[in-house]
Amino acid sequence: MSELATGEAKAEGKQASKEVKESENVAEKYSAMTVSKNSEMNMGDLTTVLSAVPTHKPVKKQIQFVEDKQEFSRFPTKTGRRSLSRSISQSSTDSYSSAASYTDSSDDETSPRDKTQVNVKGSSDFCVKNIKQAEFGRREIEIAEQDMAALISLRKRAQSEKPLAGAKIVGCTHITAQTAVLIETLVALGAQCRWTACNIYSTQNEVAAALAESGVAVFAWKGESEDDFWWCIDCCVNTEGWQPNMILDDGGDLTHWMYKKYPNVFKKIRGIVEESVTGVHRLYQLSKAGKLCVPAMNVNDSVTKQKFDNLYCCRESILDGLKRTTDVMFGGKQVVVCGYGEVGKGCCAALKALGAIVYVTEIDPICALQACMDGFRVVKLNEIIRHVDVIITCTGNKNVVTRDQLDRMKNGSIVCNMGHSNTEIDVASLRTPELTWERVRSQVDHVIWPDGKRVILLAEGRLLNLSCSTVPTFVLSITATTQALALIELYNAPEGRYKQDVYLLPKKMDEYVASLHLATFDAHLTELSDEQAKYLGLNKNGPFKPNYYRY
């Protein structure tokens, strides 16, 4: 072994030892805590128990930012707000979304920015498609609440203590009924919120209207132009007499807009909570460059996000999205899933269950070996590109499917993306004079080659499940509860607990979130005896796994 490799191994060993020691300290410090479904805890205890462990994992494969000039230097103007540039943009403005909306953005061509609307409280501090849709949105939110019992339970437990009193949270996420339950929970816990959408098609217009009617400053509607997208973000951040002190982001666009445009405001932020792989990569890049001046929580790599939202959500929603858009039968179809992370695992499991012949492409030998052991053949895309019926990307990378590969696909093939942004499929290369685009139905296009070959492109390469269908509410409850607790922890943490770095959520928080959701299944946890706990060297109430444990 080389000296360099030996040095790296020692450094990793020291880091692992440090994390184990910190984990033991957490278990010892909070030995009196319990997270069984019948247990109660006050918010003082809850806040203390969620101290996070810093992570310094190197990001081996960096995802590069879009050029600053393209993404952050262009201040939105009224001119060109319906710009078609979003079709080829690489920002997360290019994620479509929710089909579960009573209304379509084409119902009224008047831009919400040109309308004057007022809610029942007399406020006009919002911009939505139509405030009159609020009643329908309220019904959507009420349905979502029925399957988000754990988040509602957290709301009821902490509401009297108002752990977020004084918090001014600016958020940039998908605006759906499930997110609305999270936003209203944060408000119930004392926070003031201003919200915008993390992509241009994810907003359920009636839900946005319901939030605006309740007094939340929402700036979002389905079918925004890219100019509208940045204008909405700016309206959330740049408002007279209101300065945010917390950020909840999905994709990193809000964080980087504030970092670039309002550095003085950004420096006063007390904490950032980020839930997507794209946004987390951006945070690690800022941290590595020494430019991250506030602590941040990496929710994306928490157990409750990776092992539930990424896996189970995609396992169900991939089929829903493909069926709604193409009516395809999967039995016997040859499908390639690019990437075998948690999202890829969920997609492969669902497709295999319906009789599809599933191939996997991977760069990571560990994930590749997992795919092989799960019964999938690991290949290079070029080896089978001429024979496959469906390609699904879920890597978080760019140009996973190139124009050359698209040229070689057979007639009638389906191409779609399950990653956060539309960078995985080289859609820009398809916008050339020799190819014809034909809209078949909402978010379904035929791309027609000169010889008559047709490839079916879904959601213009944007996030399929939120573009063309919906996602399971219960799984989103797990993620939303984790986000809420992360915000509470960062906001209430004493000075010095968190440095200017990116932190993983502590194991105790993951276990607490999981315990809140067990009641839905009437699940009963086995409790360790004193003798068993001593034998394993554990606290009877957790955490039950060290921080380095991989579920």
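Each value, and the rule that gives it
Residues numbered from 1 in each chain as written. Predicted model: local features only at pLDDT ≥ 70, side-chain atom pairs only at ≥ 80, totals over all residues. Heavy atoms only, no water. Core = buried A, V, L, I, M, F, W, Y, C linked by side-chain atoms within 4.5 Å. Buried < 20%, exposed > 50% of the residue type's maximum accessible area, 1.4 Å probe, protein only. Helix = DSSP H or I, 4+ residues; strand = E, 2+ residues; numbered from the N terminus. Pairing = 2+ DSSP bridges. Phe/Tyr/Trp six-rings, centres within 6.5 Å; stacked < 30°, edge-to-face > 60°. Lys NZ or Arg CZ within 6 Å of the ring centre and 35° of its normal. Disulfide = S-S within 2.5 Å. Lys, Arg positive; Asp, Glu negative; His and termini not counted. Salt bridge = Lys/Arg side-chain N within 4 Å of Asp/Glu carboxyl O. Contact = heavy atoms within 4.5 Å. Expected span 1.5 Å × (residues − 1). Axes fitted to C-alpha atoms, helices over the stretch in contact; angles between N-to-C directions. Parallel < 35°, antiparallel > 145°, perpendicular 65-115°, else oblique. Left-handed = near helix turned anticlockwise from the far one by under 90°. Nonpolar A, V, L, I, M, F, W, Y, C, P; charged D, E, K, R; others polar.

**Student:** Got a minute to help me understand the nonpolar core in this structure?
**Tutor:** The biggest cluster of nonpolar side chains holds 57 residues, and the ones touching the most others in it are Leu-164, Ile-169, Ile-175 and Leu-186. Broken down by secondary-structure element, the contributors of at least two residues to this core are helix 4 (134–146), helix 5 (149–158), helix 6 (177–188), strand 3 (192–197), helix 7 (205–214), strand 5 (246–249), helix 18 (473–492) and helix 19 (507–518). When residues of this core are assigned to their parent elements, the largest contribution, 10 residues, is made by helix 18. In terms of nonpolar packing, the next biggest core, distinct from the first, is built from 34 residues, Val-170, Cys-198, Tyr-201 and Val-280 among them.

**Student:** So what exactly am I meant to see when it comes to the sheet that holds strand 10 (residues 377–378) here?
**Tutor:** Sheet strands pair via backbone hydrogen bonds, and the direction of the pair is either parallel or antiparallel. The eight strands lie next to each other as 10-9-8-11-12-15-14-13, forming an open sheet whose pairing is mixed. The open sheet terminates on both sides in strands that have one partner only, identified here as strand 10 and strand 13 (436–441). Strand direction decides the pairing type here: strand 13 and strand 14 (residues 444–448), joined by five bridges, are antiparallel. Considered in strand 14, the bridge of Thr-436 is made with Ile-448.

**Student:** Explanation requested: the packing of aromatic side chains in the structure shown.
**Tutor:** Two measures describe an aromatic ring pair: the distance that separates the ring centres and the angle between the ring planes. The tally for this structure, following the rule as stated, stands at 10 aromatic pairs. Plain terms: the ring middles of Phe-474 and Phe-521 are 5.3 Å apart, the flat faces sit at 85° to each other, and that makes the pair edge-to-face. Taken together, the residues Phe-474 in helix 18 and Phe-521 in the loop between helix 19 and helix 20 (530–536) connect sequence positions 47 residues apart. Residue Phe-521 is classed as exposed on the basis of its relative accessible area of 58%. With a centroid separation of 5.0 Å and an interplanar angle of 75°, the aromatic rings of Tyr-498 and Tyr-503 are classed as edge-to-face. Connected via pairs of aromatic rings, a cluster forms that spans Phe-219, Trp-221 and Trp-231. The ring of Tyr-491 carries the charged tip of Arg-270 above its face, separated from the ring centre by 4.2 Å. The ring of Trp-437 is capped by Arg-431, whose NZ or CZ atom sits 4.1 Å from the centre of that ring.

**Student:** What am I meant to see in the state of the cysteines here?
**Tutor:** A disulfide bridge is the covalent bond that connects two cysteines by way of their sulfur atoms. One pass over the full model with this rule turns up zero disulfides. In this structure Cys-468 is not part of a disulfide, and its nearest cysteine sulfur, from Cys-416, lies 8.4 Å away. Cys-468 sits in the buried class, given a relative accessible area of 3%.

**Student:** I keep staring at the side chain of Asp-309 and nothing clicks. Help me out?
**Tutor:** With respect to the helices, strands and loops of the structure, Asp-309 is situated in helix 12 (residues 303–326). One buried charge, Asp-309, has no salt-bridge partner; the nearest side chain with opposite charge is Lys-305, at 4.3 Å. Look past the residues within four positions of Asp-309 in its chain and what remains in contact with it is Thr-304, Cys-314, Val-475, Leu-476 and Thr-479.

**Student:** Teacher, can you tell me more about the pairing of strand 11 (residues 390–393) here?
**Tutor:** Remark: a regular strand shows side chains that alternate across the two faces of the sheet. In strand 11, alternate side chains face the same way, and those of Val-390 and Ile-392 on one face and Ile-391 and Thr-393 on the other are all buried. Alignment of strand 8 (residues 334–338) against strand 11, held across four bridges, turns out to be parallel. The partner of Cys-338 across the bridge, within strand 11, is Thr-393. In this sheet, strand 12 (residues 414–417) lies alongside strand 11 in parallel orientation, the contact comprising four bridges.

**Student:** Help me understand the pattern of salt bridges in this model?
**Tutor:** Enumeration over the complete set of coordinates arrives at 20 salt bridges. Arg-441 is paired through a salt bridge with Asp-327; the nearest N and O atoms lie 3.4 Å apart. With Arg-441 in strand 13 and Asp-327 in the loop between helix 12 and strand 8, the pair connects residues that are 114 residues apart, well separated along the chain. Taking the shortest distance from any N to any O, the salt bridge between Arg-462 and Glu-460 comes out at 3.2 Å.

**Student:** I'm lost on the environment of Ile-456 in this one. Help?
**Tutor:** Within the secondary structure, Ile-456 is located in strand 15 (residues 454–458). When its relative accessible area of 16% is taken as the criterion, Ile-456 is described as buried. Along the chain, Ile-456 and Cys-416 lie 40 residues apart, while their C-alpha atoms are 8.6 Å from each other. Sequence-distant contacts of Ile-456, defined by excluding residues within four places in its chain, comprise Thr-326, Gly-412, Ser-413, Ile-414, Val-415, Val-444, Asp-445 and His-446.

**Student:** Looking at this structure, how should I read helix 19?
**Tutor:** An α-helix turns once every 3.6 residues. As a result, residues three or four positions apart point the same way. Here helix 19 contains 12 residues, and its C-alpha end-to-end distance of 17 Å stays within 8% of the 16 Å for a straight helix at 1.5 Å per residue. Of all 12 residues making up helix 19, 10 are buried, and the element is well covered by its neighbours. When helix 19 is considered as a whole, its buried residues turn out to be Lys-507, Lys-508, Met-509, Asp-510, Glu-511, Tyr-512, Val-513, Ser-515, Leu-516 and His-517.

**Student:** Explain the packing of helix 18 against helix 19 here, please?
**Tutor:** Two packed helices can be described by the angle between their axes and the distance between those axes. The contact between helix 18 and helix 19 brings their axes to 10 Å, and the two run at 140°. The angle between helix 18 and helix 19 falls in the class oblique. In terms of crossing hand, the pair formed by helix 18 and helix 19 is right-handed. Contacts between helix 18 and helix 19 involve Phe-474, Ser-477, Ile-478, Thr-481, Thr-482, Leu-485 and Ala-486 on the former and, on the latter, Met-509, Tyr-512, Val-513, Leu-516 and His-517. In terms of residue class, the contact of helix 18 with helix 19 is built from eight nonpolar, four polar and no charged.

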